[in-house]
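# Geometric and topological summary
Letter by letter, the chains look like this.
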Amino acid sequence: MKRKLFGLSMVAAAAITFAGCAGGGSTGGSTKADSDVDYIKNKGKLIVGITDFAPMDYKDANNEWVGFDADLAKKVAADLGVEVEFVEIDWDNKLLELNNKSVDVIWNGMTHTNEVKDSMECTESYCKNAQTVVLKSTDAANYTDANSVKNLTFAVEAGSAGEAVAKENGYNYTAKTSQADALLEVKSGTSQAAIIDLLMAGAMVGPNTDYSDLTHILELSEEDYVVGCRKGSDLAAYINGEFKKFKSDGSFEEIAKKYGVQDAIVK
């Protein structure tokens, strides 16, 4: 009798195990439960990882996040039927923030480097950019090429394309939390120059800005901007579809003109 009961128990256990596996989905391949788009819709919020980076993401007079990237993210969230939340992150930790789901997407003028390509599911390129040298306007005439600035002390954003360029050229640099902090280093005289995104330099330095005594010279690299999602995420393809729609209805270029980046967008 005990043997018979034991046999029945084993059959029941096997049935329960099979039912559990059938209900939980396969471990191989993508299932609906793996969809980032569905995950975001279900929680009702798209969390966007950013830094303070004009003209892509920055706060206006009402303390609201605006900018070319911010406005595009808001439109995507609206089409998803969810709210949008912008979270300032340490750029050096962007992959960690993305993978532990502190944020759903990295959308902040992110350069499409090999590291980004290998670690994230990226959208198509939507904007062109370069890394440029920012320094005091009174010093600009002394520097004409990448070699001429090699003895300057630079400030860069940690984990940025600017830091990568500084390393490649063997420049002496200090890594700061953000590109905005790198600019402050130059303004205060703590560093002689900064390497930041050309789009940011165009918006932040020169006449009629808070950095009117600074200017930008030299383009040390050319690059593409992409939006980064978790590896294997279906959100990247969804955003690609949104970009296509925004370009077709004219809203993509309209937003670009609002922030002065229309010449840099990928048509």
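Just above, that's the structure.
Now for a quick tour of the structure. For clarity, every value in this text was computed on a predicted model and none was experimentally measured.

Here we take up the overall build of the protein chain. Assigned secondary structure in the protein chain consists of 10 helices and 11 strands. In the protein chain, which comprises 267 residues, the proportion classed as buried is 44%. Partitioning the intrachain contacts of the protein chain with sequence separation of at least 6 by distance along the chain shows that 71% fall at a separation of at least 24. If you sum the accessible surface of the protein chain, you get close to 13,700 Å²; carbon and sulfur atoms cover 49% of it.

Within the largest apolar cluster, 51 residues are counted, with the highest numbers of intra-cluster contacts made by Phe68, Val105, Trp107, Tyr126, Ile239 and Phe243. Here the element with the most residues in this core is helix 3 (residues 68-80); it accounts for seven residues. Leaving out residues up to four positions away in the same chain, Val105 has contacts with Leu46, Ile47, Val48, Gly49, Leu98, Val227, Gly228, Cys229, Leu235 and Ile239.

What follows deals with helix 7 (residues 179-188). When we look at burial in helix 7, the residues that qualify are Gln179, Ala180, Ala182, Leu183, Glu185 and Val186. Downstream of helix 7 by a residue or two, Gly189 has a phi angle that is positive, lying close to 90°.

In this section: helix 3. Taking 1.5 Å of rise per residue, 13 residues should cover 18 Å, and helix 3 covers 19 Å from first to last C-alpha, within 8% of that figure. Phe68, Asp69, Ala70, Asp71, Leu72, Ala73, Val76, Ala77 and Leu80 are the residues of helix 3 that are buried.

Before going further, it helps to examine the packing of aromatic side chains. For the coordinates displayed, the defined rule picks out seven aromatic pairs. Both rings, one in Phe68 and one in Phe252, keep their centres 5.5 Å apart while their planes meet at 85°; by these two values the pair is edge-to-face. Separated by 184 residues along the polypeptide, Phe68 in helix 3 and Phe252 in helix 10 (residues 251-258) bring together distant segments of the chain. For the pair Phe68 and Phe252, one class covers both residues: buried.

This part takes up the packing of helix 3 against helix 10. Remark: helix 3 packs on helix 10, axes separated minimally by 9 Å, with the N-to-C direction vectors making an angle of 150°. When the interaxial angle is binned, helix 3 and helix 10 end up roughly antiparallel. As helix 3 runs across helix 10, the sense of the crossing is right-handed. Between helix 3 and helix 10, the contacting residues are Phe68, Asp71, Leu72 and Lys75 on the first element and Ser251, Phe252, Ile255, Ala256 and Lys258 on the second. Taken together, the residues of the contact of helix 3 with helix 10 sort by class into five nonpolar, one polar and three charged.

Residue placement: Glu157 occurs in strand 8 (residues 153-157). Of the side chains bearing the opposite charge, Lys94 lies closest to the buried Glu157, which forms no salt bridge; the N-O distance is 7.7 Å. In contact with Glu157, not counting residues within four places along its chain, are Thr51, Trp91, Glu163, Lys176, Thr177, Ser178 and Gln179.

Once that is clear, we can look at the packing of helix 3 against helix 9 (residues 235-249). Across the interface, helix 3 lies against helix 9 with an axial gap of 11 Å and an inter-helix angle of 110°. Our classification of the angle between helix 3 and helix 9 gives roughly perpendicular. In contact with Leu72, Lys75, Val76, Asp79 and Leu80 of helix 3, helix 9 contributes Tyr238, Ile239, Glu242, Phe243, Lys245 and Phe246. Looking at side-chain class alone, the contact of helix 3 with helix 9 contains seven nonpolar, no polar and four charged residues.

Bringing the pattern of salt bridges into the picture now. It is possible for side chains bearing opposite charge to pair when their charged atoms get close. For the coordinates displayed, the defined rule picks out 12 salt bridges. In this structure, the salt-bridge partner of Lys267 is Glu253, at a minimum N-O distance of 3.4 Å. Of this pair, Lys267 sits in the segment after helix 10 while Glu253 sits in helix 10, and the two are 14 residues apart along the sequence. Where salt bridges share partners, they join Asp36, Lys43, Asp104 and Arg230 into one cluster.

It is worth spelling out the side chain of Glu223 at this point. Secondary-structure assignment places Glu223 in strand 11 (residues 214-230). Salt bridges are absent for the buried Glu223, whose nearest opposite-charge side chain, Lys128, sits at 11 Å. A polar contact of 2.8 Å, which involves the side chain of Glu223, links it to the side chain of Thr111. Look past the residues within four positions of Glu223 in its chain and what remains in contact with it is Thr111, Cys127, Lys128, Asn129, Ala130, Gln131, Ala161 and Asp197.

On to the pairing of strand 11. On a regular strand, one side chain projects to one face of the sheet and the next to the other, so that they alternate. Bridging between strand 5 (residues 105-111) and strand 11 involves three bridges; their strand directions are antiparallel. The partner of Ile106 across the bridge, within strand 11, is Gly228. Relative to strand 11, strand 6 (residues 120-122) runs antiparallel, the two sharing three bridges. By the bridge assignment, Met120 is partnered in strand 11 with Arg230. Here strand 7 (residues 127-136) pairs with strand 11 via 10 bridges, running antiparallel. Pairing of Cys127 across the sheet is with Tyr225, part of strand 11.

Thresholds, definitions, all that
- Residues numbered from 1 in each chain as written.
- Predicted model: local features only at pLDDT ≥ 70, side-chain atom pairs only at ≥ 80, totals over all residues.
- Heavy atoms only, no water.
- Helix = DSSP H or I, 4+ residues; strand = E, 2+ residues; numbered from the N terminus.
- Buried < 20%, exposed > 50% of the residue type's maximum accessible area, 1.4 Å probe, protein only.
- Contact = heavy atoms within 4.5 Å.
- Areas by Shrake-Rupley, 256 points an atom, 1.4 Å probe, with all protein chains shown as cover.
- Core = buried A, V, L, I, M, F, W, Y, C linked by side-chain atoms within 4.5 Å.
- Expected span 1.5 Å × (residues − 1).
- Phe/Tyr/Trp six-rings, centres within 6.5 Å; stacked < 30°, edge-to-face > 60°.
- Axes fitted to C-alpha atoms, helices over the stretch in contact; angles between N-to-C directions.
- Parallel < 35°, antiparallel > 145°, perpendicular 65-115°, else oblique.
- Left-handed = near helix turned anticlockwise from the far one by under 90°.
- Nonpolar A, V, L, I, M, F, W, Y, C, P; charged D, E, K, R; others polar.
- Lys, Arg positive; Asp, Glu negative; His and termini not counted.
- Salt bridge = Lys/Arg side-chain N within 4 Å of Asp/Glu carboxyl O.
- Polar contact = N/O pair within 3.5 Å; in protein donor to acceptor, adjacent residues only side chain to side chain.
- Pairing = 2+ DSSP bridges.

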